[in-house]
Amino acid sequence: MKKTISLQKYLVYGLTLGIVVLWLVAMGISGLVVQHELNETFDNAMEETAQRLLPLAVLDILNREDTSTPQRVAPLKTQQTGFTYLVRDNKGNILLQSFGADLAVFGSRPIEGFASTATHRVYGASALRATVFIDIAEPLAHRREVILDTVVALVLPLLFLIPVSLFGIWLLVRISLRSILSYGRAIEARGAGDLSPIVLEKLPTEINPIADAVNRLLERLRLALESEKRFTANSAHELRTPLATTLAQVQRLRQAVPEGPLRMRTAEIETSLKELSRLSEKLMQLAKAEGGGLLFNAPQDLAMLLAHVVQDVRRTASAPIELTLPPTEPVLSMIDPDAFAILVRNLIENALKHGAPDSAIEVSLSSDALLKVVNAGAVVDAINLAQLTRRFVRGGSRAEGFGLGLAIASAIASGVGAEWTLASPATGKTDGFEVSVQFVLCTK
């Protein structure tokens, strides 16, 4: 069986994943933009620092008596930004350096403008006609740390966004699909007994064409079924009278002809006409079973109806029928009495035809409206068991019949909302066949 996909789950997970992916893409782009802007900000800070320090360094050098000895500036709290610098002449001689300046970071010759090494960003500027140079260096690790903190600040909201988005999208999709789910349940509830149009308000615009197509399909199906039922009922009804007349004439003819081949042929014709008459009766029952009107306007006592039907069938039954009824309390249901009689009669006739010869047929009705008809006989395999309620389908038995009895009973059970179950072997036995019909019980 092909695995189905839930539209609700698909939308919830898909939209949530889409939001997360878009957030990550936006975060990546934002990270690149932030990195670029931070680098510009840090470069501007280095340039501004150099422009401020260079005049002070030049003034200090000009006022110094001994310019050959480099001076080291004491550490200041403002140096917590990570800047270190060197002041050199155009020959590379160090005139002034900040505390903690690593000479390996700076090149052997001073520079002007920006340059990068593996570990530092360096900026150089000059004064006094390129005779005094200042080089400022900043560790790249400091910049990476700031950028990493910024990216983390962008990622952290995602941890909160994912569950919130998941719940919000789930709630929105569930509310949006509520009308579609109701429409699906309405379609599922439809059956052969109810092919009326499905009318639901506030369906999404995209579903309206589907709803219209389903209603048109239901209407065509209803007309086709009604046409079939009318044809079946009319054919059976129109055949009943001429069949009865012809059968009476053949019976009179059989009595009038002498013993011999002609009388035997007349008997065969009589048998065929009786079979046609029974088929006509079955077709009329099938038309009633599928034609609606199976519910009565008042509750009916199933126990009393069952007792009358069994008593009537016993007169012509070829095997004993054991009837088990509940205590004196009535078993009430809204099924039409005629429909119930047709159902029970077909179940008992099926058991008599296909059950083991001379074995009793067990018919029982429980106080909760569960009807069971059990007969002994060979076990029916699962494949044939699933096909028995179809029209003109017979089991492996060689008994006479048209394959309509269980189809008629099943149609009536479905029409009144009863649960229908076939079992072989019968419950608690190693052989036999069992039909269970759970009717809808109603109170007085």
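Residues numbered from 1 in each chain as written. Predicted model: local features only at pLDDT ≥ 70, side-chain atom pairs only at ≥ 80, totals over all residues. Heavy atoms only, no water.

**Let's talk about the packing of aromatic side chains**
For the structure on display, the rule yields three aromatic pairs. Judged by centre distance (4.6 Å) and plane angle (45°), the rings of phenylalanine 114 and tyrosine 123 are tilted. Look at phenylalanine 114 and you get partly exposed, because its relative accessible area is 33%. (Phe/Tyr/Trp six-rings, centres within 6.5 Å; stacked < 30°, edge-to-face > 60°. Buried < 20%, exposed > 50% of the residue type's maximum accessible area, 1.4 Å probe, protein only.)

**Description of a nonpolar patch on the surface**
Together, Leu17, Val21, Val25, Ile29 and Val33 make up an exposed nonpolar region whose accessible area comes to about 440 Å². Here valine 33 is to be found in helix 1 (residues 7-62). Overall, valine 33 belongs to the partly exposed group, its relative accessible area being 45%. (Patch = residues over 30% accessible without salt bridge, like charges linked within 9 Å, V, L, I, M, F, W, Y side chains within 5 Å. Areas by Shrake-Rupley, 256 points an atom, 1.4 Å probe, with all protein chains shown as cover. Salt bridge = Lys/Arg side-chain N within 4 Å of Asp/Glu carboxyl O. Helix = DSSP H or I, 4+ residues; strand = E, 2+ residues; numbered from the N terminus.)

**Topic: the sheet that holds strand 11 (residues 370-375)**
The strands making up a sheet are joined through hydrogen bonds of the backbone, oriented either antiparallel or parallel. Taken in spatial order, the five strands line up as 8-10-11-13-12 in an open sheet, and their pairing is mixed. A single partner strand is all that each edge strand has here, and the edge strands are strand 8 (321-324) and strand 12 (419-423). Put simply, the sheet's adjacent strands are angled 10° from each other on average, direction ignored. Where strand 12 meets strand 13 (residues 433-438), five bridges bridge the pair, whose relative direction is antiparallel. Of the residues in strand 13, the one forming a bridge with tryptophan 420 is valine 437. The strands that helix 6 (residues 302-314) touches are strand 8, strand 10 (361-365) and strand 11; relative to strand 8, the one it contacts most, it runs at about 170°. (Pairing = 2+ DSSP bridges. Axes fitted to C-alpha atoms, helices over the stretch in contact; angles between N-to-C directions. Contact = heavy atoms within 4.5 Å.)

**Remarks on helix 2 (residues 140-176)**
Taking 1.5 Å as the rise per residue, helix 2 with 37 residues should run 54 Å; its terminal C-alpha atoms sit 52 Å apart, in good agreement. Along its length, helix 2 reaches its greatest deviation from straightness, about 30°, at leucine 161, and the proline proline 163 lies no more than four positions downstream. Within helix 2 the residues assigned to the buried category are Leu140, Arg143, Ile147, Leu158, Ser165, Ile169 and Val173. Contacts made by the buried residues of helix 2 are with helix 1, strand 5 (120-127) and strand 6 (132-139). (Expected span 1.5 Å × (residues − 1). Bend = angle between axes of the 7 residues up to and from the residue.)

**Describing the packing of helix 1 against helix 2**
Where helix 1 contacts helix 2, the axes come no closer than 9 Å and their chain directions differ by 160°. Considering their axes alone, helix 1 and helix 2 lie roughly antiparallel with respect to each other. Once helix 1 is placed against helix 2, the crossing between them reads as right-handed. Among the residues making up the contact of helix 1 with helix 2, the classes are represented as 26 nonpolar, nine polar and three charged. (Parallel < 35°, antiparallel > 145°, perpendicular 65-115°, else oblique. Left-handed = near helix turned anticlockwise from the far one by under 90°. Nonpolar A, V, L, I, M, F, W, Y, C, P; charged D, E, K, R; others polar.)

**What to know about the pairing of strand 5**
Counting buried residues in strand 5 gives seven out of eight residues, a clear majority hidden from the surface. Alignment of strand 4 (residues 113-116) against strand 5, held across four bridges, turns out to be antiparallel. Residue pairing in the sheet places alanine 115 in a bridge with valine 122 of strand 5. What sits between the antiparallel neighbours strand 4 and strand 5 is a turn of three residues. In this sheet, strand 6 lies alongside strand 5 in antiparallel orientation, the contact comprising eight bridges.

**Looking at the pattern of salt bridges**
Taken as a whole and assessed by the stated rule, the structure comprises eight salt bridges. Between arginine 345 and aspartate 312 there is a salt bridge, and its shortest N-O distance comes to 2.3 Å. With a gap of 33 residues between them, arginine 345 in helix 7 (residues 337-354) and aspartate 312 in helix 6 connect regions that are remote in the sequence. Arginine 345 sits in the partly exposed class, given a relative accessible area of 26%. Since its relative accessible area comes to 29%, aspartate 312 is described here as partly exposed.

**Topic: helix 6**
Here helix 6 contains 13 residues, and its C-alpha end-to-end distance of 18 Å stays within 8% of the 18 Å for a straight helix at 1.5 Å per residue. Taken residue by residue, helix 6 has Leu302, Ala303, Leu305, Leu306, Val309, Val310 and Val313 as its buried positions. Angularly, the buried residues of helix 6 cover 160° about the axis, an arc narrow enough to put them on a single face. Where helix 6 is buried, its residues meet strand 7 (295-301), strand 8, strand 9 (332-335), helix 7, strand 10 and strand 11. (Arc of directions from axis to C-beta.)

**Observations concerning the nonpolar core**
By size, the foremost hydrophobic cluster in this structure holds 44 residues, and its most contacted members are Leu343, Leu347, Val363, Leu371 and Phe439. Elements supplying a minimum of two residues to this core: helix 5 (261-290), helix 6, helix 7, strand 10, strand 11, helix 9 (405-415) and strand 13. Broken down by element, the residue count for this core peaks at nine residues, all from helix 7. Filtering out sequence-adjacent residues up to four positions away, leucine 371 remains in contact with Leu306, Leu343, Val344, Leu347, Val363, Ser364, Leu365, Val435, Ser436, Val437 and Phe439. (Core = buried A, V, L, I, M, F, W, Y, C linked by side-chain atoms within 4.5 Å.)

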